[in-house]
Amino acid sequence: MDWSLISKVLLPEAILLLGILLTIMMSLFDSTKKHNSGIGVVFLVLSAIACLKQFFPDEGQAIFYNSFVNDGLSLFFRFLIYSVTALIVLGSQKYLSVLESPAEYYPIIMTAALGGGMLVGANDTLFFFVALETLGLSAILITAYARLNQQSNEAGIKYLINSAVATAILLLGLSFLYGITGFTNFDELALRLYQLNIMHVISSPLLILIAVCLVGSTAFKLAAAPFQNWSPDVYNGAPITTTVFLSVVSKTAALGLAIRLFTLVFNYEIVSILFAVIAMLSVVVGNYVGMIQMISRGSIKRLLAYSSIAQAGYLLIGLAVMQPQSLSALVFYLTIYALMNTGSFLCATYFESATNSDDIYDLAGLIQKRPLITIAFSLCLINLAGLPFVPAAFIAKFYLFNSAFSSGLSYGPLLAIVGLVGSVIALFYYIYLVKIMVVDEPSTAVKNLEEPVSLGLGFSTGITVSLMLGFGIFGMGIFRDLASAVISRISG
C-alpha cells in the first residue's frame with residue numbers, strides 16, 4: 001500500500017480531521033467556547049483549497065485497493081461540500097450561541113462534511129456505506145441538537161426513523177448486487193454486471209427490484225417526491241443551520257455518489273425511467289405545496305423545504321437523462337443551487353435568530369430595517385425562481401432543460417416541459433416573498449428588530465451572493481467548461 005499516495009490523496013480529509021480533533025479539544029479546555037466556529041472555518045477552507053490544488057495535475061489516483069478515487073468528480077464535489085460547510089459555520093455563530101452547548105455542534109457538522117467528502121469519492125459499496133453512515137448519523141445528531149427544543153427532538157426522531165428505513169432499503173439493493181456478482185468494488189461490479197447481461201443471466205424482475213432499492217434510497221437523501229414527507233417537518237424543527245446543511249451539503253454528497261454509481265455501475269434504462277418519474281413528481285409536488293404554503297401564511301423554513309423538493313426535481317432531470325451533456329448541466333446547476341440556497345437560508349437564519357420567528361409575513365417591510373440582508377435574500381430568491389434578472393440560475397436551468405429536450409429520449413421533452421411549467425409556478429411564491437419584504441408595510445417583528453447582522457453572517461452571505469453574481473455575469477462560459485471537465489474526468 002502506497003502511503004505517500006494515500007497521504008497525498010486524503011490531504012483534504014486529514015486537514016479536516018485535524019480540525020475536528022482541535023475543535024473537540026477546544027470545547028473541553030476553553031471555558032468561553034467562542035473559538036470553535038473560527039477553527040472550523042479555517043480548517044474547512046484549508047480542506048477546500050487542498051481539493052482545488054489537486055484538481056488538474058494530481059487527479060485520477062485510486063487508493064485502498066481502488067475503494068476511493070481522486071478523480072475530477074470526487075475533487076470538485078469535495079471542494080463544494082467543504083466550501084459550503086465553511087459558509088454555514090461562518091454564518092451560524094451568532095445563531096448557535098443561544099443553544100445550550102454550542103461548541104460541540106461544530107465538530108459534529110465538520111464530521112458530517114467529512115462523511116460527505118468521503119462519500120463522493122467512494123468506489124466500493126462497503127466504503128461508501130461507511131461514509132454514508134458517517135454523514136447520516138452526524139446529520140441526525142445536529143438535527144436533534146437543540147435538546148431543550150421539543151421540535152428539534154421531534155425532527156431528530158423523524159429523521160432517524162426515516163433514515164433507518166432508507167438505509168435498510170439501500171442495503172437490500174446492495175446485498176442483491178453482491179449476491180449476483182460476488183464483488184463490492186464498483187469497477188468489478190460494472191464488469192461482472194456487463195458479463196451477466198451479455199449471457200442473459202440476470203432476470204428483469206431482479207434488476208427492477210435492485211433499481212427500485214437504489215433509486216429510492218437516493219431519492220430519500222435528496223428529499224425528492226414521493227420520499228419527501230420527512231423533509232418539511234425535519235427542516236422546520238431542526239436548527240436552521242442544520243436545515244441548510246441538509247438542503248445543500250447532503251444533497252451534494254448524494255448526487256456525487258449517484259452520478260458515479262448510476263453512470264459507471266448500474267446504468268440501465270429502468271434507472272433512467274425511475275429518476276424521470278421522481279423528477280417530475282418532485283417538481284410538481286414541491287412547487288404546488290410551496291405555493292399553498294405561501295397562501296396559508298406558513299413558515300419560512302417550510303417554504304424553503306418545499307422549494308428544495310422542487311429543486312431536487314430539477315437536479316434529477318440531469319440524472320434521469322444520464323448523458324454527458326445532462327450530467328455536466330447537473331453539476332453546473334448544482335453549484336449555482338448550492339450558492340443561492342445557502343444564501344437564502346443564511347438570511348433566514350439572521351431573521352429567526354433576531355426575531356425568534358420564522359413566519360413568512362413577519363418578513364414584511366424588512367427592507368426598511370435591513371436593506372442589505374433584504375437585497376441579498378431577494379437576489380437568492382430571484383435566482384431560485386430562475387429569472388434572467390441575475391442570469392446565473394437562469395442559464396444553468398436552461399442548459400439543464402435543453403439537455404433533456406435534445407437528449408433523444410422519448411420522455412426527454414416531457415421532462416423539460418414539466419421543469420419549465422414548474423419554474424413558472426414557482427415564480428409565484430418566490431416573487432411574492434420578495435414583494436412582502438420590499439413592498440409591504442413593516443410587520444411588528446420588523447418594527448421591533450434591533451439586533452444587527454453579525455460579522456460572520458454578513459461576511460458569509462456577502463461571499464455567497466458575490467459568487468452567485470460573479471458566475472452569472474462574468475464566468476458562465478468558464479464554469480460550464482469546468483462542469484464538463486468534471487464529468488469527463490470520472491474514473492472508476
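Residues numbered from 1 in each chain as written. Predicted model: local features only at pLDDT ≥ 70, side-chain atom pairs only at ≥ 80, totals over all residues. Heavy atoms only, no water.

### A look at unusual backbone geometry
In step 1: Following Ala225, the chain continues to Pro226 via a peptide bond in cis, the omega torsion being 5 degrees.
In step 2: Inspection of the secondary structure assignment puts Pro226 in the loop between helix 10 (204–221) and helix 11 (230–237).
In step 3: The residue His200 is not glycine, and still its phi comes out positive at about 55 degrees.
In step 4: Structurally, the position occupied by His200 is in the loop between helix 9 (186–198) and helix 10.
In step 5: The exposure class of His200 is exposed, given its relative accessible area of 71%. (Helix = DSSP H or I, 4+ residues; strand = E, 2+ residues; numbered from the N terminus. Buried < 20%, exposed > 50% of the residue type's maximum accessible area, 1.4 Å probe, protein only.)

### Details of the side chain of Thr143
In step 1: As for its placement among the helices and strands, Thr143 is situated in helix 7 (residues 125–143).
In step 2: Among the polar contacts made by the side chain of Thr143, one reaches the main-chain carbonyl oxygen of Ala139 at a distance of 2.6 Å.
In step 3: Excluding its chain neighbours within four sequence positions, the residues that come into contact with Thr143 are Ser152, Ala155, Gly156, Tyr159, Val234, Ala238, Pro239, Thr242 and Leu246. (Polar contact = N/O pair within 3.5 Å; in protein donor to acceptor, adjacent residues only side chain to side chain. Contact = heavy atoms within 4.5 Å.)

### Brief notes about the packing of aromatic side chains
In step 1: Inspection of every chain in the model, using the stated rule, returns 17 aromatic pairs.
In step 2: Judged by centre distance (5.2 Å) and plane angle (85 degrees), the ring pair of Tyr105 and Tyr145 falls under edge-to-face. On the criterion of sequence distance, the pair formed by Tyr105 in helix 6 (residues 105–120) and Tyr145 in the loop between helix 7 and helix 8 (150–181) is long-range, its members being 40 residues apart. The pair Tyr105 / Tyr145 is uniform in exposure class, with both members buried.
In step 3: A ring pair is formed by Phe220 and Trp230, whose centres lie 5.1 Å apart and whose planes are at 40 degrees; its orientation type is tilted. Taken together, the positions of Phe220 in helix 10 and Trp230 in helix 11 put the pair ten residues apart, joining distant regions of the chain.
In step 4: The exposure class of Phe220 is buried, given its relative accessible area of 5%. (Phe/Tyr/Trp six-rings, centres within 6.5 Å; stacked < 30°, edge-to-face > 60°.)

### Considering the state of the cysteines
In step 1: Counted by the stated rule, this structure contains zero disulfides.
In step 2: In this model Cys380 remains outside any disulfide bridge; the closest cysteine sulfur is found in Cys347, 5.6 Å from its own.
In step 3: With relative accessibility at 0%, the residue Cys380 sits in the buried group. (Disulfide = S-S within 2.5 Å.)

### Quick word on the nonpolar core
In step 1: Counting residues in hydrophobic clusters, the biggest one holds 164 residues, and the most contacted among them are Ile259, Phe262, Phe266, Leu319 and Leu415.
In step 2: At 18 residues, helix 15 (residues 324–355) tops the list of elements feeding residues into this core.
In step 3: In this structure Phe262 touches Leu214, Val215, Thr218, Asn267, Val271, Phe275 and Met322, once residues within four positions along its chain are discounted.
In step 4: One finds Tyr159, Ala166, Ala223 and Leu246 within the second-largest nonpolar core, a separate group that totals eleven residues. (Core = buried A, V, L, I, M, F, W, Y, C linked by side-chain atoms within 4.5 Å.)

### Remarks on the environment of Tyr333
In step 1: By secondary structure assignment, the location of Tyr333 is in helix 15.
In step 2: Assessed through its relative accessible area of 0%, Tyr333 is described here as buried.
In step 3: Residues Tyr333 and Ser460 lie 127 residues apart in sequence; the distance between their C-alpha atoms is 21 Å.
In step 4: In contact with Tyr333, not counting residues within four places along its chain, are Gln311, Tyr314, Leu315, Met340, Ala393, Ala396, Lys397 and Leu400.

### Things to note about a nonpolar patch on the surface
In step 1: A cluster of nonpolar side chains, contributed by Leu17, Leu21, Ile24, Met25, Leu28 and Phe29, occupies part of the molecular surface with about 620 Å² of accessible area.
In step 2: As for its position among the elements, Leu21 is in helix 2 (residues 11–29).
In step 3: Judged by its relative accessible area of 48%, Leu21 falls in the partly exposed class. (Patch = residues over 30% accessible without salt bridge, like charges linked within 9 Å, V, L, I, M, F, W, Y side chains within 5 Å. Areas by Shrake-Rupley, 256 points an atom, 1.4 Å probe, with all protein chains shown as cover. Salt bridge = Lys/Arg side-chain N within 4 Å of Asp/Glu carboxyl O.)

### Quick notes on the environment of Ser250
In step 1: As for its placement among the helices and strands, Ser250 is situated in helix 12 (residues 240–265).
In step 2: The class for Ser250 is buried, based on a relative accessible area of 5%.
In step 3: Sequence-wise, Ser250 and Ala139 are 111 residues apart; in three dimensions their C-alpha atoms are separated by 8.6 Å.

### What about helix 8?
Helical geometry: 3.6 residues make up each α-helical turn, so side chains three or four residues apart lie on a common side.
In step 1: Here helix 8 is 32 residues long and its end C-alpha atoms lie 46 Å apart, about the 46 Å a rise of 1.5 Å per residue gives.
In step 2: Taken residue by residue, helix 8 has Ser152, Ala155, Gly156, Tyr159, Ser163, Ala166, Thr167, Leu170, Gly173, Leu174, Leu177 and Thr181 as its buried positions.
In step 3: If you follow the buried residues of helix 8, they end up packed against helix 7, helix 9, helix 10, helix 11 and helix 12.
In step 4: Downstream of helix 8 by one or two residues, Gly182 has phi in the positive range, about 80 degrees. (Expected span 1.5 Å × (residues − 1).)

### As for the confidence of the model for the protein
In step 1: Averaged over all residues, the pLDDT of the protein equals 88, while 96% of them reach at least 70.
In step 2: No element of the protein has a lower mean pLDDT than helix 5 (residues 93–96), at 77, and none a higher one than helix 6, at 94. (pLDDT = per-residue confidence, 0-100.)

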